[in-house]
Amino acid sequence: MFRFSIAAILLMGGGAYANVELDLINVKSNSIDEFSIQNKNTTSTRDILRNLPSIYLGGTNNLNQKIFMRGMSDRAVNISIDGARQVGNNWHHSADLVVDTDILKAIEINTDNLNIISSSLAGSVKFNTLNALDLLESNEHLGAKIKTSFASNNKEWQKSLQTYGKSDNGLHLLAYINHKNHSFSKDALKHESGGKGNNLSYLLKGGYTKDEHNLNISYENVEYKGDYPLVPEWAGSVAYDYYQGANLISAGTRGFDLINQEMRRNTFVLDYNYDLDEYINLNFKTYYTNRVLELDNWKQKNLLKEDVLEYLKGGVKTYGLYLDNKSELKTFDISHLFTYGLEYFNTQSYVKNNYYKYNLSKDIAIYEKFTPASNDISQTLSVFLQDKMSLGDFDLILGTKFNNYKINTIANLNQDRIKHNFNSIDYAARLKYNFSKDFSIYAGYSKISKGIDPLEMIVLRENRAKLKTNEDLKFESGYGYEFGLDYFKEINDFTMGASAKYYNRFYKNLIREETKRIGEAGGYYTRLNGGKYNIYGVDLEAIFSYKQFKSRLGYSRARTYDEKDSLVRAGYALAYSDAGDKYTLNLEYLYQNFIFGYDLIYFSSILVDDYIKPAYAKHDFYVNYEVNKNLDLGFSVNNIFNKLYFSHYKRSYKSAKSADWEAGRDFRFSISYRF
């Protein structure tokens, strides 16, 4: 599991660099230093995660930040924000990952399935936000900071303000607000890509920390609003002239019209920890999160070719609770850490409003309201037990989880309802042998399942709800093996380490969504279980550091096969198609109050059907300067050589109109000041 510790420096950069050495990247404990993200002037989640083996977060705009992990899409990943699960989807062409990176304290990524408590089909990603105690020194009671940044490629200007304080009796409070406005990004040929708009986010978090008690209550709002293509993952313009039949499509032409969109997430979380002794370390969390998507093509009527303009607003909401306790025991010479508890969450997709607003052919306003289908509802209840054991040079983790899945969904073209109720048992085992304190090997096995998500919101509107869901629809499941080794050694001023992992996963009943055509009359939309799939791959990492210099090299490869032993190029929970082999390199050097860094991402070419996804390399440079303990300056250049490329993790890659060309060269500046 990779763990990013993003401390106060992520927001203001003050007081962190002058008198410390660079934190070492420890492959054995799978951690990365807490400063690297701030140094790179990140503006989105995809800037943070793209450099990791087995992880990719593509897309040229904030409505398309989809996480891909080990050959699987975000539908197969357990994603949470402050413990609030992000389940379901509003629109399969856009993502629902609405995150403000400036308030993140940590991102925890588990690419294997060997932690039975939090894993899903492809692993987990946990985002955690800051609180006041993370920003204040032990002798401080009040603080504030301001930050602004600018990115040249899409003219993004960010402004944020934060205040925080604590009292001697354990109370603490944080208030944060951030606004960004931006235009379209430009690819290397200066053609428009992505969207333009305004982002607004705010966070209110209070808590109480005293002795064995730790309570946090937070409310967070993050919204992206602006003009985007209806299909954000096909957000680019045509890079080169091409013919569509006899018609010439000129470079710079958008393949999809822009409409006004707003994506918003509201999250409320209550989190309590009671740490009494080695037998009682109780964690309780309850939450509510609502992800809303609003589509309004009224404002863009002059750009659209459709005869009728439509307004749609709906979303997906989840409420849940989580409870566990950790107990440390020792029996004979075996040390145990038991974790046991339960989790419940209920997810509903819904349409709040859907109607026609305007008829272009008659140039008149209309109001034809649709009655949407009923809410689609899924529920999951899990009870789990995990034991981490240590005996001499051996470490063993055993875990099991009982799941009850329920789904209340549309059954057929008449919108009748059906209810499914499933039970499953998951389990995982991981055995590690430590040859020494520097070198270890491990092997693991897991059997994992996942309940059926509710239908995406955009399908529930009346004119799209002519849908058939198979009545024999089953929950998704899989099992897999993983083998690996870790090495980490410190010799005086030198540090070196390496990590190697091989995994092989087998899935069945993965849910696909298809459109069934019936002659000239159209057709219907259906969900069905797919066949069996096998994904195998490797992840390699190596690190080296000497005094104030450090480096990290990574490699990953994933390939997907179906039950006929043929390469898979389509699938719903699966990634859209395999990507080429991924290579990453990070170099960083600390000189006095400066940090200089360089990032390289390289993808090899890969043959997909009869099309070759081209190889590409992207180079970034960054520097951070701590003027004094309160003032911090940042500068970076992304895509130094102005490479024209599109991500291998795209749903469509052959059509010129749907290739989402990534941003060209981008200069970024930031300044932050702490009071």
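Residues numbered from 1 in each chain as written. Predicted model: local features only at pLDDT ≥ 70, side-chain atom pairs only at ≥ 80, totals over all residues. Heavy atoms only, no water.

A. Just the side chain of serine 551, in detail. Tracing the backbone shows serine 551 in strand S33 (residues 549-562). Overall, the relative accessible area of 13% leaves serine 551 in the buried class. (Helix = DSSP H or I, 4+ residues; strand = E, 2+ residues; numbered from the N terminus. Buried < 20%, exposed > 50% of the residue type's maximum accessible area, 1.4 Å probe, protein only.)

B. Spotlight on empty space enclosed by the protein. Throughout the structure, instances matching the rule amount to 13 cavities of 30 Å³ or more. Approximately 520 Å³ is the volume found for the largest cavity. Val77, Arg85, Val87, Lys450 and Asp453 are the residues nearest the centre of the largest cavity, which is lined by 37 residues in total. Breaking the lining of the largest cavity down by element, the ones donating at least two residues are strand S4 (66-69), strand S5 (78-81), strand S21 (334-359), strand S23 (376-391), strand S24 (394-410), strand S25 (417-434) and strand S26 (439-450). Per element, the largest residue contribution to the lining of the largest cavity is 5 residues, and it comes from S24. Its residues assigned to classes, the lining of the largest cavity comprises 11 nonpolar, 14 polar and 12 charged. Counting residues per element, the ones that place at least two in the lining of the second largest cavity are helix H2 (45-49) and strand S40 (666-674). (1 Å grid on protein atoms, 1.4 Å probe; cavity = no way out; pocket = protein on both sides within 12 Å on 5 of 7 lines; lining within 4 Å. Points joined across faces, edges and corners; volume = space filled by probe spheres on them. Nonpolar A, V, L, I, M, F, W, Y, C, P; charged D, E, K, R; others polar.)

C. Inspection of the nonpolar core at higher detail. Counting residues in each nonpolar core, the largest one holds 35 residues, and the members touching the most others are Leu49, Met72, Ile107, Ile109, Val125, Phe127 and Leu510. Sorting the residues of this core by element identifies H2, strand S3 (55-58), S4, S5, strand S7 (104-110), strand S8 (124-129), strand S29 (494-508) and strand S32 (533-546) as the ones contributing at least two each. In terms of residues, this core owes the most to one element, S7, which gives 3 residues. Sequence-distant contacts of methionine 72, defined by excluding residues within four places in its chain, comprise Ile67, Leu121, Ala122, Tyr507, Leu510, Ile535, Ala573, Leu574 and Ala575. In this structure, Leu63, Tyr224, Val231 and Leu455 belong to the second largest nonpolar core, which totals 23 residues. (Core = buried A, V, L, I, M, F, W, Y, C linked by side-chain atoms within 4.5 Å. Contact = heavy atoms within 4.5 Å.)

D. Expanded view of the pattern of salt bridges. Under the defined criterion, the tally for this structure stands at 28 salt bridges. Across the pair aspartate 395 and lysine 432 runs a salt bridge, and its minimum N-O distance is 3.8 Å. Residue aspartate 395 is found in strand S24, and its partner lysine 432 is found in strand S25; the two are separated by 37 residues along the sequence. Of the charged contacts in the structure, one is a salt bridge between lysine 618 and aspartate 620, with a shortest N-O distance of 2.7 Å. Aspartate 620 carries the same exposure label as lysine 618, and that label is buried. (Salt bridge = Lys/Arg side-chain N within 4 Å of Asp/Glu carboxyl O.)

E. Region of interest: a nonpolar patch on the surface. Among the surface-exposed residues, Phe284, Leu321, Leu323, Leu342, Leu381, Val383, Phe402, Ile425 and Tyr427 lie close enough to one another that they form a single nonpolar patch of about 700 Å² accessible area. At the level of secondary structure, the elements contributing two or more residues to the nonpolar patch comprise strand S20 (308-331), S23 and S25. On the secondary structure map, isoleucine 425 appears in strand S25. Residue class for isoleucine 425 comes out partly exposed when judged on its relative accessible area of 48%. (Patch = residues over 30% accessible without salt bridge, like charges linked within 9 Å, V, L, I, M, F, W, Y side chains within 5 Å. Areas by Shrake-Rupley, 256 points an atom, 1.4 Å probe, with all protein chains shown as cover.)

F. Broad picture of a negative patch on the surface. Taken together, the side chains of Asp275, Asp277, Glu278 and Glu328 present a region of like negative charge at the surface. As for its placement among the helices and strands, aspartate 275 is situated in strand S18 (residues 258-275). (Lys, Arg positive; Asp, Glu negative; His and termini not counted. Charge placed at Lys NZ, Arg CZ, Asp CG, Glu CD.)

G. Geometry of the pairing of strand S22 (residues 364-369). Here S22 lies mainly on the outside; 0 of its 6 residues are buried. With 4 bridges connecting them, S21 and S22 associate as antiparallel partners. Bridging from a neighbouring strand, tyrosine 356 pairs with glutamate 368 of S22. Counted along the chain from S21 to the antiparallel partner S22, the turn is 4 residues long, and its residue aspartate 363 has a positive phi close to 55°. (Pairing = 2+ DSSP bridges.)

H. Inspection of the side chain of serine 124 at higher detail. Tracing the backbone through its elements, the reader meets serine 124 in strand S8. By relative accessible area, serine 124 is classed as buried at 2%. Not counting residues up to four positions away in its chain, the partners in contact with serine 124 are Met69, Val77, Asn78, Glu108, Ile109, Asn110 and Ser118.

I. Geometry of the pairing of S24. Here 15 bridges tie S23 to S24, and the two strands are oriented antiparallel to one another. When the sheet's bridge partners are listed, leucine 391 is paired in S24 with phenylalanine 394. What sits between the antiparallel neighbours S23 and S24 is a turn of 2 residues, in which glycine 392 has the positive phi angle 60°. In this structure, S24 lies alongside S25, joined through 17 bridges in antiparallel fashion. Bridge pairing in S25 places threonine 409 opposite isoleucine 418.

Such coordinate-based values are descriptive only and should not be taken to indicate function.
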